[in-house]
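Remarks on the overall topology
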Amino acid sequence: MQVQPYLFFNGRCEEALAFYTEALGAEVTMQMRYAESPEPCPEGMLPAGFQNKIMHASMRVGEAVVMASDGNSTEPASFKGFSLSLDAKDGAHAEKLFNALSQGGQVQMPLGKTFYASSFGMVADKFGVSWMVIVMP
């Protein structure tokens, strides 16, 4: 059994997938737009203009799978109460990942040495997703 995060970007999924592909080297392994669905969405389920938005996507980040969608809301996405954790292979890798995720985002805890990691930092990316980047000692 696996637990896989499913993120709803409320209209910004395509932008987010492109960002994670560049920032993390993520690989989009599946993507389907609402207009490509074999069954039409029920009347009134989608906001106007969402037909070409992403209904479902899957991306591989390292060995993990993260799923994503535009959902069915135009309200700003809210990612609260969790963080995604990235295990970097060394300090240089951690710095590269952290700096990439920080572009347009907000550093919550600068990357640095802690009592539990040779490098650790927290950042909310430009979509509001919270990330922890860690290098275990």
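Here, every reference points to the structure presented above.
All of the points below concern the structure found in this document. (Residues numbered from 1 in each chain as written. Predicted model: local features only at pLDDT ≥ 70, side-chain atom pairs only at ≥ 80, totals over all residues. Heavy atoms only, no water.)

**Observations regarding the pattern of salt bridges**
Note the following rule: A pair is scored as a salt bridge if a Lys or Arg side-chain nitrogen falls within 4 Å of a carboxyl oxygen belonging to Asp or Glu. Runs of E in the DSSP output that reach at least two residues are strands. Runs of H or I that reach at least four are helices, and both are numbered from the N terminus.
With the rule as written, the count across this model stands at 3 salt bridges. Among the salt bridges present, the one from glutamate 15 reaches arginine 12, with a minimum N-O distance of 3.0 Å. Between lysine 126 and glutamate 15 there is a salt bridge whose closest N-O contact spans 4.0 Å. With lysine 126 in the loop between strand E7 (119-124) and strand E8 (130-135) and glutamate 15 in helix H1 (residues 13-24), the pair connects residues that are 111 residues apart, well separated along the chain. Beyond isolated ion pairs, a larger network of salt bridges with shared partners links Arg12, Glu15 and Lys126.

**Notes on the packing of aromatic side chains**
Worth spelling out the cut-off: The rule is short: rings of Phe, Tyr and Trp, with Trp giving its six-membered ring, pair when the centres are within 6.5 Å, and they are stacked under 30 degrees, edge-to-face over 60, tilted in between. Working definition: with a 1.4 Å probe on protein chains only, accessible area under 20% of the residue-type maximum means buried, over 50% means exposed, and in between means partly exposed.
Taken as a whole and assessed by the stated rule, the structure comprises 11 aromatic pairs. Ring centres of phenylalanine 9 and phenylalanine 79 lie 5.4 Å apart, and the angle between their planes is 55°; this geometry places the pair in the tilted category. With phenylalanine 9 in the loop between strand E1 (6-8) and H1 and phenylalanine 79 in the loop between strand E4 (64-69) and strand E5 (84-87), the pair connects residues that are 70 residues apart, well separated along the chain. Phenylalanine 79 shares its class with phenylalanine 9; the two are buried.

**What about the pairing of E4?**
To keep things clear, this is the line we draw: For two strands to be treated as a pair, DSSP must find no fewer than two bridges joining them.
Burial analysis of E4 places 5 of its 6 residues in the buried class, which makes it a mostly covered element. Across 3 bridges, E1 lies against E4 in parallel orientation. When the sheet's bridge partners are listed, phenylalanine 8 is paired in E4 with serine 69. Examined bridge by bridge, strand E3 (residues 54-61) and E4 share 5 bridges and lie antiparallel to one another.

Fair warning: the whole summary comes from geometry, so function is off the table for now.
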